[in-house]
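A look at the structure
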Amino acid sequence: MLIGAVVAGVVFGLYFALVGLGLNLVFGVMRIVNLAHGDVLMLGGYAAWWLLSAFGLHPLVAAVLVLGVFIAVGYPLYYLVVPQLQRARDSEMLSLILFFGLSQMIEAVTTIAVGTTERSLPGRMLGIGPFILLGARLPKPWVFSGVVSAVAVAGVYLYLYRTRLGMLTRAVMVSRDEALATGIDVHRVSALAFGIALGLAGVAGVFAPFMLGSITPAMGPDINLTAFAVIVVGTLGNPLGTVAGGVIYGVALMLMQTYYSSWANLLPNLLLIAVLLVRPEGLFGRKTRRA
Amino acid sequence: MSPEQPLLVVTDLVKRFGGFRALDGVSFHLAPGEVLGLVGPNGSGKTTCINVISGLYPPDGGGVAYLGRAIGGVPSHLLARRGINRTYQSPKPFLSLTVMENVLVAATYGNGGTPPDLMGLLASLELDTLAGRRAGELNSAQQKTLDLARALATGPRVLLVDELAAGLNPAELGRMADRLRALAAGGMALLVVEHLMGFIDRVTDRVVVMNAGREFFEGTLATAIKDPEVIRVFLGGAHG
Amino acid sequence: MRKHPADLILPALVLAAFAVAPFLYSNELMLFNFIAFLALAQGLNIVYGFTGYLPFGYVGFYGAGAYGFALAVMHLHAPPLAAMAAGAGAALLLAVILLPLLRLSGAYFAIASLAAAQAVYEVVSNPALQHITKGPYGVSLSAVFAPRFSYYVALAILGVAFALVVWLRNSRFGLALQAIREDPVSAGMAGVSVVRGRTVAWLLSALVAGLVGAVFAWHISVFYPDTAFDLGVSIFSVVFVLFGGATTLTGPLLGVLILYGVYNAIGITVPQYFQFIYGALIVGLVLFLPNGLVSLLTARGLRVP
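The structure contained in this document is the topic of the report that follows.

Criteria and cut-off values
Residues numbered from 1 in each chain as written. Chains lettered and ligands numbered in written order. Predicted model: local features only at pLDDT ≥ 70, side-chain atom pairs only at ≥ 80, totals over all residues. Heavy atoms only, no water. Helix = DSSP H or I, 4+ residues; strand = E, 2+ residues; numbered from the N terminus. Rg over C-alpha atoms; globule rule 2.2 N^0.38 Å. Buried < 20%, exposed > 50% of the residue type's maximum accessible area, 1.4 Å probe, protein only. Contact = heavy atoms within 4.5 Å. Polar contact = N/O pair within 3.5 Å; in protein donor to acceptor, adjacent residues only side chain to side chain. 1 Å grid on protein atoms, 1.4 Å probe; cavity = no way out; pocket = protein on both sides within 12 Å on 5 of 7 lines; lining within 4 Å. Points joined across faces, edges and corners; volume = space filled by probe spheres on them. Nonpolar A, V, L, I, M, F, W, Y, C, P; charged D, E, K, R; others polar. Pairing = 2+ DSSP bridges. Buried area = accessible area lost by both parts, 1.4 Å probe. Salt bridge = Lys/Arg side-chain N within 4 Å of Asp/Glu carboxyl O. Axes fitted to C-alpha atoms, helices over the stretch in contact; angles between N-to-C directions. Parallel < 35°, antiparallel > 145°, perpendicular 65-115°, else oblique. Patch = residues over 30% accessible without salt bridge, like charges linked within 9 Å, V, L, I, M, F, W, Y side chains within 5 Å. Areas by Shrake-Rupley, 256 points an atom, 1.4 Å probe, with all protein chains shown as cover. Core = buried A, V, L, I, M, F, W, Y, C linked by side-chain atoms within 4.5 Å.

The subject of this paragraph is the overall build of chain A. Each helix and strand in chain A was counted, giving 12 helices and two strands. Computed over C-alpha atoms, the radius of gyration of chain A comes to 18 Å, within 12% of the 19 Å expected from 2.2 N^0.38 for 291 residues, which places it in the range of a compact globule. Referenced to the eigenvectors of the C-alpha coordinate spread, the extents of chain A come out at roughly 55 × 45 × 35 Å. Going through the 291 residues of chain A one by one, you find that 56% of them count as buried. Within chain A, contacts between residues at least 6 apart in sequence are counted, and of these 76% link residues at least 24 apart.

Structural data, given as structure tokens:
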């Protein structure tokens with residue numbers, strides 16, 4: 001039972017890393033908090049549900065489409081709101097409020113469009129029966145989603161460390177002011193990062209029905225708390241630390257569900273508070289900022 | 001230099017940030033009625049020194065004694081009430097409060113004795129006509145002066161002045177120098193960090209020159225500028 | 001500081017209007033909800049307007065107050081007014097436990113407070129604690145049901161919330177809190193005890209929410225953890241304060257009267273339309289009017305009560 005919980009936890013952890021990655025990328029590059037992150041994820045889920053029910057598209061195809069469309073939407077959205085925000089004195093706090101408003105709008109529109117009914121996708125789409133991994137029996141959709149998550153995370157790694165734009169993105173993360181001074185087009189780099197972040201949230205949403213059971217228009221705030229727990233554990237502003245945060249979170253969640261199932265919902269909340277209070281720089285971070 | 005007992009004694013003060021020793025054993029003392037200049041290249045630890053003395057950070061070694069009692073690690077608001085105050089390199093007024101409210105807070109909470117006549121205080125710093133304006137509407141030089149007004153509203157015996165002169169025009173510089181001298185003449189002890197050597201020359205009785213977190217010269221500015229070590233640090237350093 | 005009589009007139013008018021309203025208008029529950037949100041908005045105003053901390057988990061104190069009241073009635077058979085004190089005590093206890101959160105800044109504090117409220121909800125609604133809290137099945141307090149009495153107790157709580165904000169706006173302590181909000185380092189150097197100031201504001205703010213939660217439990221008498229810890233309570237309070245403008249008496253008041261008015265007109269039947277409207281309002285406010293409606297006047301140098 002222990003091995004099973006740990007293995008499932010790692011698989012879920014990869015998925016949770018994907019859930020947190022976009023939020024962390026935005027924070028790392030722009031120092032703003034996208035409180036609509038959970039709602040963007042929810043939109044990705046509904047997109048997958050709609051593409052399947054209307055066109056019979058496989059979730060993997062839906063994931064690729066969602067990624068492209070969300071990047072395309074995120075890029076101009078950045079220009080619409082973020083530069084204006086960053087001129088303010090307390091942009092971090094204002095961003096929290098603004099994206100909270102945006103999150104309410106997204107939730108409202110989705111509710112108007114699809115109602116409040118929970119939606120799910122048939123798990124058999126991603127494989128039937130269990131998958132044996134290190135002696136643990138896991139449903140194939142979990143493994144499928146975990147693998148896709150790992151691929152997406154690896155893609156972000158390659159972008160950040162193997163491309164020129166990615167290198168510039170990391171420069172902006174280290175110091176926005178220095179990057180501006182050296183002539184980097186900070187807005188273009190940030191807009192792309194913003195788009196990618198929405199795209200990642202959307203992809204996470206496509207697999208949400210398989211990993212989280214179902215989707216509803218009101219799932220955003222819960223997702224935000226989970227995503228926050230993951231990225232705070234794995235160091236704010238460091239997208240790759242998110243993987244470690246996701247795995248720790250996933251394993252902890254599976255252990256809780258195995259041994260103290262009725263208290264498992266407490267986990268993201270307590271983990272988030274505990275890490276913020278004890279090590280606000282994250283478990284793997286150096287002390288770079290005072291939270 | 002001063003016949004009186006020192007008000008503030010800094011001994012082997014150490015402050016580390018991670019592996020970096022911003023203060024690496026700095027020592028000096030400050031007597032009532034004296035203006036001491038603290039000079040050195042950028043990054044030599046001048047502002048950190050003020051931050052530790054004013055209670056923003058606890059020291060990691062050595063100590064600060066005020067009126068013969070150790071004050072290292074005592075929080076700012078208690079130091080303010082005991083008579084230590086400061087200004088900031090970049091001004092830090094309460095932006096949404098009016099000029100008068102800014103000094104009123106300090107006079108109410110930071111003054112251990114009888115609060116001064118606030119309108120008179122503002123008038124002496126040429127801020128009286130701005131009393132009803134929000135601090136956020138002031139220009140940078142006015143905000144720095146407001147920081148000074150707020151510090152003075154607490155009735156300090158030791159005043160730490162961090163780059164007050166930057167941004168002032170020559171006429172304002174002269175008036176500011178006269179004000180600081182007048183405060184010293186009234187018995188206040190001042191520690192002045194400043195890059196403008198003309199201003200240092202005009203207001204200080206003596207200077208302590210710092211480099212890499214410790215002091216290496218102490219005396220008048222006139223002798224300092226003839227000291228080969230001082231010349232080496234300043235010409236070799238980034239700032240003149 | 002100068003005393004501003006307008007700061008007293010406005011609350012007095014509101015209190016008087018709600019005192020006579022039940023005799024003129026039959027939907028007492030709606031009036032009660034107005035009072036509750038007026039008080040919650042001013043309670044949130046204490047901590048957000050005067051110290052800059054925005055607790056998204058403000059509903060946690062409200063829920064703690066409601067369950068403090070309910071537990072006192074169910075297990076101790078406490079009379080309602082004593083149970084009110086228990087509710088306030090529960091909220092204050094939670095606030096004390098959460099004091100370390102004040103070490104966090106801005107967004108971290110907002111998120112952490114939300115996580116804390118969710119954690120309390122998970123505990124209260126947990127089926128494993130059914131013998132104490134009745135878990136997710138909710139509580140019924142019909143033995144103490146007294147709608148008219150509890151309505152006027154709620155009005156008294158609103159009076160307390162108004163009084164706290166009037167006091168903060170006209171006292172040096174309130175000025176010191178604003179100084180902390182603007183610049184904690186400078187405030188400390190001006191002699192203000194930053195920790196003490198924030199703690200007092202936090203506890204007062206929690207007290208108001210706890211009292212409102214307790215009187216809600218009394219007035220409604222049958223409720224579930226989902227209603228007592230409804231995130232909507234936090235969201236509405238935050239939106240009302242932001243919309244009207246924090247730190248003033250008028251701002252949160254306007255926010256509740258206008259937006260909760262709109263909510264009652266259209267929001268109850270089609271809540272998502274209302275949700276969309278206030279979502280859009282928030283986005284617009286942050287971009288164009290970050291200090292709320294009242295800043296249309298305060299930006300012109302006018303003093304708004």
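Once you've had a look at it, read on.
This paragraph deals with the side chain of Asn45(C). All names here are of chain C. Relative to the assigned elements, Asn45 resides in helix H2 (residues 28-51). Within the local environment of Asn45, its side chain forms a polar contact with the backbone nitrogen of Thr247, the two atoms lying 2.8 Å apart. At a separation of 2.8 Å, a polar atom in the side chain of Asn45 contacts the main-chain carbonyl oxygen of Thr248. Other than its neighbours up to four places away in sequence, Asn45 contacts Phe50, Val165, Val241, Ala246, Thr247, Thr248 and Pro252.

Here we take up the environment of Gly68(C). Residue and element names in this part refer to chain C. Its location among the elements puts Gly68 in helix H3 (residues 59-76). For the pair Gly68 and Ala217, spaced 149 residues apart in sequence, the C-alpha separation works out to 9.2 Å. If sequence neighbours within four positions are ignored, Gly68 has contacts with Ala83, Ala86, Gly87 and Ala90.

Moving on, we come to empty space enclosed by the protein. Empty pockets left among the atoms are what a rolling probe the size of a water molecule brings to light. A full pass over the atoms with the stated rule returns five cavities of 30 Å³ or more. Along the wall of the largest cavity there are 13 residues; nearest its centre are Leu35(A), Phe100(A), Pro221(A), Leu114(C) and Leu231(C). Of all the secondary structure elements, the ones that give two or more residues to the lining of the largest cavity are helix H4 (91-114) and helix H10 (220-233) of chain A together with helix H5 (106-124) and helix H12 (231-244) of chain C. Per-class residue counts for the lining of the largest cavity are nine nonpolar, three polar and one charged. Of the pockets and cavities examined, the second largest cavity occupies roughly 50 Å³. Contributing to the lining of the second largest cavity are Arg81(B), Tyr109(B), Phe173(C), Ala176(C), Val192(C), Ser193(C), Arg196(C) and Gly197(C). For the lining of the second largest cavity, the elements supplying multiple residues, two or more each, are helix H8 (172-182) and helix H10 (194-220) of chain C.

What follows deals with the environment of Ser27(B). All names here are of chain B. Examined against the element boundaries, Ser27 turns out to sit in strand E2 (residues 20-30). With 31 residues separating them along the chain, Ser27 and Pro58 place their C-alpha atoms 16 Å apart. Excluding anything up to four places from it in sequence, Ser27 contacts Val10, Thr11, Asp12 and Glu215. Of the polar contacts made by the side chain of Ser27, one reaches the backbone nitrogen of Asp12; its length is 2.8 Å.

Attention now goes to the sheet that holds strand E5 (residues 69-70) of chain B. Within a sheet, adjacent strands bond to each other through the backbone by hydrogen bonds, running parallel or antiparallel. Read from one edge of the open sheet, four strands run E2-E1-E4-E5 (chain B), paired in antiparallel fashion. At either end of the open sheet lies a strand with only one pairing partner, and these are E2 and E5 of chain B.

Let us look at the pairing of strand E9 (residues 206-211) of chain B. Residues and elements named next belong to chain B. Most of E9 sits out of view: five of its six residues are buried. One ladder, built from four bridges, connects strand E3 (residues 35-39) with E9; its direction is parallel. Each bridged residue has a counterpart across the sheet, and for Leu38 the counterpart in E9 is Val208. In textbook terms, the turn of a hairpin is the stretch between consecutive antiparallel strands, and for E9 and strand E10 (residues 214-219) this stretch comprises two residues, one of which, Ala212, has a positive phi near 50°.

Another point: the interface of chain A and chain C. Taken together, the contacts link 41 residues of chain A with 42 residues of chain C. For the pair chain A and chain C, the summed buried surface comes to about 3600 Å²; carbon and sulfur atoms form 77% of the total. Between the two partners, chain A and chain C, sit zero salt bridges. The element that contributes the greatest number of residues to the side of chain A that touches chain C is H4(A), accounting for 16 residues. For the side of chain A that touches chain C, the residue count by class is 28 nonpolar, seven polar and six charged.

What follows covers the packing of H4(A) against H5(C). At a closest axis distance of 7 Å, the pairing of H4(A) and H5(C) adopts a crossing angle of 40°. Taken together, the axes of H4(A) and H5(C) are oblique relative to one another. Each of Glu92(A), Met93(A) and Leu96(A) in H4(A) lies in contact with H5(C), whose residues at this interface are Gly106(C), Ala107(C), Tyr108(C), Ala110(C) and Ile111(C). Among the residues forming the contact of H4(A) with H5(C), the class breakdown is six nonpolar, one polar and one charged.

Below, the discussion takes up a nonpolar patch on the surface. Side chains of Val109(A), Leu254(C), Leu257(C), Ile258(C), Val262(C), Phe276(C) and Ile277(C) sit close together on the surface and give an oily, nonpolar patch of about 480 Å² of accessible area. Those elements that provide at least two residues to the nonpolar patch are helix H13 (250-267) and helix H14 (271-288) of chain C. The leading source of residues in the nonpolar patch is H13(C), at four residues. Mapping Phe276(C) onto the fold places it in helix H14. With relative accessibility at 31%, the residue Phe276(C) sits in the partly exposed group.

Residue and element names in this part refer to chain B. If you trace the six strands from one edge of the open sheet to the other, you get E6-E7-E8-E3-E9-E10, paired in mixed fashion. Since the sheet does not close on itself, it has two edges, and those belong to strand E6 (84-86) and E10, each with one partner. Neighbouring strand axes in the sheet, compared pairwise and without regard to direction, differ in orientation by 20° on average. Pairing geometry for strand E7 (residues 158-162) and strand E8 (residues 189-193), over five bridges, is parallel. Pairing of Val158 across the sheet is with Ala189, part of E8. Sitting on the sheet, helix H6 (residues 170-185) touches E3, E7 and E8, and the angle it makes with E8 is about 150°.

Among the nonpolar cores identified, the biggest contains 275 residues, and Phe99(A), Phe61(C), Phe69(C), Leu141(C) and Phe223(C) are the most heavily contacted of them. For this core, the element with the highest residue contribution is helix H1 (residues 2-30) of chain A, accounting for 17 residues. Grouped together as the second largest cluster of nonpolar side chains are 27 residues, Leu7(B), Phe28(B), Cys49(B) and Leu160(B) included.

It is worth spelling out unusual backbone geometry at this point. Positive phi is not limited to glycine here, since Glu126(B) has a value of about 60°. Mapped onto the secondary structure, Glu126(B) falls in the loop between helix H4 (118-124) and helix H5 (140-153). At Ser221(C), a position not held by glycine, the phi torsion is positive, near 65°. Following the sequence through the fold, Ser221(C) ends up in the loop between H10 and strand E2 (222-223). You can call Ser221(C) buried: its relative accessible area is 5%.

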